[in-house]
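# Structural description and commentary
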Amino acid sequence: MVIVKLDLLGDRQRTHYCGELRKEHAGKTVFLAGWVDVRRDLGNLIFLDLRDHTGRTQIVCNPAISAAVHDRADEVRGEYVVGVEGEVVVRGPGTVNPTLATGEVEVMAHTLLVLNEAKTPPFPIEDEIKTSEETRLRYRYLDLRRGRMQRNLRLRHRSSQVVRAHLSEHGFQEIETPFMTRSTPEGARDYLVPSRLHHGQFYALPQSPQLFKQLLMIAGFDRYYQIVRCFRDEDLRADRQPEFTQVDIEMAFPQREVLFDIIERLVEKLFALVDVKVERPFRRMPYDEAMEKYGSDKPHTGFGLEWKRISLAADDAGKVRVAEPIKGLRVPGWSGASRSQLDKLQETAKSLGADWFSYIKVTDADTQSPLVKPLGKPAVEALAASMEAQPGDLVLLLGLKSATSISAFRMLDNASGELRLDIARKLELIKPGTWNFLWVVDFPMFDYDEKEKRFAAMHHPFTSPREEDLEKLESDPGSVKARAYDLVLNGSEIGGGSIRIHRQDVQRQVFKVLGLSEEKARERFGFFLDALEYGTPPHGGIALGHDRIIALMAGEASIREVIAFPKTASAIDMMCESPAGVEQEQLDELGLSIKEV
């Protein structure tokens with residue numbers, strides 16, 4: 001319901017944005033437009049802070065200059081949309097606002113147009129608010145007015161421009177690939193789209209353009225890229241959304257180091273947008289080293305705390321009933337850890353899958369450990385020495401009571417990785433403003449699924465094995481290393497890629513290891529297998545997580561803060577109230593019925 005009589009903009013044109021005015025504009029007549037951020041009524045004077053995405057300017061409504069403007073300002077409230085024409089004047093001594101970029105000037109209003117009114121928002125339009133995320137997402141169009149969100153999405157825009165310019169400079173062509181394709185279940189669940197024209201058949205929204213970009217290599221577009229929307233029906237976290245954006249890149253006749261150099265230079269340009277200097281080249285680390293030292297294939301290398309595999313003598317190992325290998329971690333300066341702190345660490349370790357935990361405290365006076373009784377003090381001191389522990393250090397030991405499979409050892413590695421991060425957070429070792437880039441390389445080609453008793457692709461089934469491991473595909477697939485690589489920043493995977501399989505015989509062998517019969521492989525990937533027969537060049541590429549990279553650049557903990565209209569953690573759009581039911585008529589057209597689950 002309109003209470004205030006609204007004005008028309010007519011042919012007036014904004015001359016400046018609200019954040020642009022400075023002392024050099026004094027004496028100029030300007031026309032500003034935006035939202036009323038704050039209104040202050042001093043009786044004889046009314047002040048309006050006018051806001052747009054560039055900042056704020058103070059507007060003075062003085063009845064001595066215009067009684068009509070003053071009367072109009074009396075009707076205005078927060079978030080009203082107004083236009084103001086007036087003269088820029090320098091503020092008097094003692095009235096300068098040093099918190100505003102425009103704080104040395106103000107605009108004396110000659111004309112005030114009320115272009116639209118507004119209800120009182122459910123939360124303040126400010127950078128720092130305590131409103132729940134659900135409320136923010138319900139009123140996302142208001143949340144996006146906040147300066148913080150404006151900066152994030154404008155940073156996203158500038159990042160996209162940098163990506164396009166950089167890749168174009170290096171000869172890449174931007175090519176769009178289909179959003180509606182066929183379902184090829186492998187990894188996360190597909191989002192399915194029923195066909196109206198072909199009842200009982202479905203399209204799938206792409207989890208990535210993987211096969212299409214490989215087909216483009218076969219087609220002779222030797223350098224392709226796309227800033228592309230992808231879809232995965234999977235459980236969500238802070239760095240996941242059901243629809244997300246990646247920078248998808250592929251090139252023919254690749255050398256891994258050439259691709260790495262192109263990507264590192266791109267990352268350097270992106271982070272320059274937020275005044276971060278990136279040091280190149282990035283460190284390379286084999287997967288096995290990452291798992292052993294950091295317990296993670298996306299390790300945060302910005303602080304110390306490296307695990308080390310250690311051994312106990314056979315008879316001693318029997319006394320403490322732990323299988324080898326044991327992992328040890330030296331925590332400098334934490335020998336004063338309390339019993340309750342150590343008990344909590346033990347609970348955490350066990351909850352993560354490690355079922356044996358112990359520790360050694362090294363002090364100037366003594367070496368203390370629960371292992372002294374079963375092993376003897378000399379053995380414990382030898383253990384501490386093998387960890388290069390100094391007085392004041394704490395040594396943590398992690399193990400399994402029985403470890404007979406690769407997956408068991410991997411569980412131990414994963415537990416050690418989570419425990420390492422937990423300790424780093426407790427001791428505040430992760431310092432903001434540091435940027436640690438890392439290439440993790442030489443991943444295992446396959447991951448053995450103990451439950452299903454079969455191999456699964458660690459990355460995806462189109463990743464090429466190392467050339468020296470081709471002969472092991474049939475005889476020892478568990479030892480085969482892939483030509484895969486991940487780009488990691490501060491413990492977050494921000495990109496993943498590989499050199500692809502370009503030979504049909506190798507692709508068929510990989511499908512066989514994965515338990516895909518010829519019939520099943522042809523049913524899912526027949527078009528791609530056919531294409532491999534027509535002169536496929538060696539090729540490879542990478543997909544960079546656009547949302548994750550921008551979130552890190554913006555200093556945000558969640559990618560929802562850099563996406564205009566994201567879903568909640570339960571995949572709900574609070575604003576549009578979707579997913580939602582549909583009319584029975586629509587279901588009938590598609591030949592669908594709803595089954596109770």
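Refer to the structure presented above.
Structural notes, computed from the coordinates. In this text, all values refer to a predicted model and were calculated from it rather than measured experimentally.

## Concerning the overall build of the protein
Summing up its helical and strand segments, the protein has 17 helices and 22 strands in all. In terms of overall dimensions, the protein has C-alpha extents of about 95 × 75 × 55 Å along its principal axes. The buried share among the 597 residues of the protein stands at 47%. Counting every atom, the protein has about 29,800 Å² of accessible surface; 50% of that belongs to carbon and sulfur.

## What about a negative patch on the surface?
On the surface, Glu583, Glu585, Asp588 and Glu589 cluster together to form a negatively charged patch. Positionally, glutamate 583 belongs in the loop between helix H16 (546-554) and helix H17 (584-590). Taking the relative accessible area as the measure of exposure, glutamate 583 reaches 57% and is therefore exposed.

## As for the sheet that holds strand S17 (residues 437-441)
Pairing within the open sheet is mixed, and its 8 strands lie in the order S6-S9-S10-S22-S21-S20-S17-S11. Pairing within the sheet leaves two strands with one partner each, and these edge strands are strand S6 (173-174) and strand S11 (283-286). Bridge analysis of strand S9 (residues 223-231) against strand S10 (residues 243-252) gives 9 bridges, and the strand direction is antiparallel. By the bridge assignment, arginine 229 is partnered in S10 with threonine 245. Contacts from helix H5 (residues 210-218) reach S9, S10 and strand S22 (539-545), with the element oriented near 25 degrees to S10. Sitting on the sheet, H16 touches S9, S10, strand S20 (484-489), strand S21 (492-499) and S22, and the angle it makes with S22 is about 45 degrees.

## Brief notes about unusual backbone geometry
Look at the link from arginine 280 to proline 281: it is a cis peptide, with omega at -5 degrees. Note that proline 281 resides in the loop between helix H6 (256-272) and S11. With an omega of 5 degrees, the peptide bond between serine 578 and proline 579 qualifies as cis. Here proline 579 shows up in the loop between H16 and H17. Non-glycine residue glutamate 79 carries a positive phi angle of around 75 degrees. Tracing the backbone shows glutamate 79 in the loop between helix H1 (67-73) and strand S4 (81-90). A positive phi angle, near 55 degrees, is found at glutamate 428, a position not held by glycine. Considering the arrangement of structural elements, one finds glutamate 428 in the loop between helix H12 (406-426) and S17.

## Focus on a nonpolar patch on the surface
A contiguous nonpolar surface patch, about 280 Å² in accessible area, is contributed by Phe179, Met180 and Tyr203. Examined against the element boundaries, tyrosine 203 turns out to sit in strand S8 (residues 202-205).

## Re the pattern of salt bridges
Applying the stated rule across the entire model yields 52 salt bridges. The partner of glutamate 518 in a salt bridge is arginine 508, and the shortest N-O contact between them spans 2.7 Å. Of the two residues, glutamate 518 is situated in helix H15 (residues 518-531) and arginine 508 in helix H14 (residues 504-513); the sequence distance between them amounts to 10 residues. Relative accessible area serves as the criterion here: at 24%, arginine 508 is assigned to the partly exposed category. In the salt-bridge network here, residues are joined through shared partners; they are Asp37, Arg40, Asp49, Arg51, Arg56, Glu79 and Arg145.

## Concerning the nonpolar core
Of all hydrophobic cores here, the largest spans 39 residues; its most connected members are Ile249, Ile263, Phe271 and Trp439. Ranked by the residues each element gives to this core, the list is headed by H6, at 8 residues. Apart from residues lying up to four places away in sequence, tryptophan 439 is in contact with Phe260, Ile263, Glu264, Phe282, Arg283, Arg284, Met285, Tyr485, Asp486, Leu487 and Ile542. Counting 23 residues, the second-largest nonpolar core is a separate cluster that includes Val36, Ile59, Val107 and Leu112.

## Structural notes on the sheet that holds strand S3 (residues 55-61)
Strand order in the closed barrel formed by 5 strands is S1-S2-S3-S5-S4, and the pairing between neighbours is mixed. Going from strand to strand, the sheet's axes swing by 55 degrees on average, the running direction of each strand aside.

## Focus on helix H9 (residues 339-351)
Taking 1.5 Å of rise per residue, 13 residues should cover 18 Å, and H9 covers 18 Å from first to last C-alpha, within 8% of that figure. Of all the positions in H9, only Leu342, Leu345 and Ala349 are classed as buried. When H9 is viewed along its axis, its buried side chains cluster within an angular range of 55 degrees and face the same direction. Facing away from the buried side of H9 by over 90 degrees, the exposed positions are Lys344, Glu347 and Ser351. Directly after H9, the chain includes glycine 353, whose backbone phi takes a positive value near 115 degrees.

## Section: the side chain of serine 498
Counting through the fold element by element, serine 498 comes out in strand S21. The class of serine 498 is buried, set by a relative accessible area of 0%. Reaching out from serine 498, the side chain makes a polar contact with the side chain of threonine 463 at a distance of 3.3 Å. Sequence-distant contacts of serine 498, that is, excluding residues within four places in its chain, are made with His460, Thr463, Arg483, Ala484, Tyr485, Gly540 and Gly541.

## With respect to the environment of arginine 223
Along the chain, arginine 223 turns up in strand S9. For the pair formed by arginine 223 and leucine 167, sequence separation is 56 residues and the distance between their alpha carbons is 9.0 Å. With residues up to four places along the chain from it excluded, the contact list for arginine 223 reads His170, Gly171, Phe172, Gln173, Met217, Glu250, Met251, Val258 and Ile262. Within polar-contact distance, the side chain of arginine 223 engages the backbone oxygen of histidine 170 at 2.8 Å.

## Notes on the pairing of S4
With 7 bridges connecting them, strand S1 (residues 29-41) and S4 associate as antiparallel partners. The partner of phenylalanine 31 across the bridge, within S4, is glutamate 85. Pairing geometry for S4 and strand S5 (residues 105-116), over 10 bridges, is antiparallel. Within the sheet, the bridge partner assigned to valine 84 lies in S5 and is leucine 112.

## Section: the packing of aromatic side chains
Enumeration over the complete set of coordinates arrives at 15 aromatic pairs. Summarising the aromatic geometry, the rings of phenylalanine 271 and tryptophan 435 are spaced 5.2 Å apart at their centres and angled 65 degrees between planes, so their arrangement reads as edge-to-face. With phenylalanine 271 in helix H6 and tryptophan 435 in the loop between H12 and S17, this pair connects stretches of sequence that are 164 residues apart. Take phenylalanine 271: its relative accessible area is 0%, and that puts it in the buried class. Judged by centre distance (6.2 Å) and plane angle (85 degrees), the ring pair of tryptophan 439 and tyrosine 485 falls under edge-to-face. Of this pair, tryptophan 439 sits in strand S17 while tyrosine 485 is found in strand S20, placing the two residues 46 residues apart along the sequence. Relative accessible area serves as the criterion here: at 0%, tryptophan 439 is assigned to the buried category. Through a chain of ring-to-ring contacts, the aromatic side chains of Phe271, Phe282, Trp435 and Phe437 assemble into a single cluster. For arginine 138, the ring lying beneath its charged end belongs to tyrosine 139, and the centroid distance is 4.7 Å.

Rules and cut-offs
Residues numbered from 1 in each chain as written. Predicted model: local features only at pLDDT ≥ 70, side-chain atom pairs only at ≥ 80, totals over all residues. Heavy atoms only, no water. Helix = DSSP H or I, 4+ residues; strand = E, 2+ residues; numbered from the N terminus. Buried < 20%, exposed > 50% of the residue type's maximum accessible area, 1.4 Å probe, protein only. Areas by Shrake-Rupley, 256 points an atom, 1.4 Å probe, with all protein chains shown as cover. Patch = residues over 30% accessible without salt bridge, like charges linked within 9 Å, V, L, I, M, F, W, Y side chains within 5 Å. Salt bridge = Lys/Arg side-chain N within 4 Å of Asp/Glu carboxyl O. Lys, Arg positive; Asp, Glu negative; His and termini not counted. Charge placed at Lys NZ, Arg CZ, Asp CG, Glu CD. Pairing = 2+ DSSP bridges. Contact = heavy atoms within 4.5 Å. Axes fitted to C-alpha atoms, helices over the stretch in contact; angles between N-to-C directions. Core = buried A, V, L, I, M, F, W, Y, C linked by side-chain atoms within 4.5 Å. Expected span 1.5 Å × (residues − 1). Arc of directions from axis to C-beta. Polar contact = N/O pair within 3.5 Å; in protein donor to acceptor, adjacent residues only side chain to side chain. Phe/Tyr/Trp six-rings, centres within 6.5 Å; stacked < 30°, edge-to-face > 60°. Lys NZ or Arg CZ within 6 Å of the ring centre and 35° of its normal.

None of this, on its own, says anything about what the molecule does.
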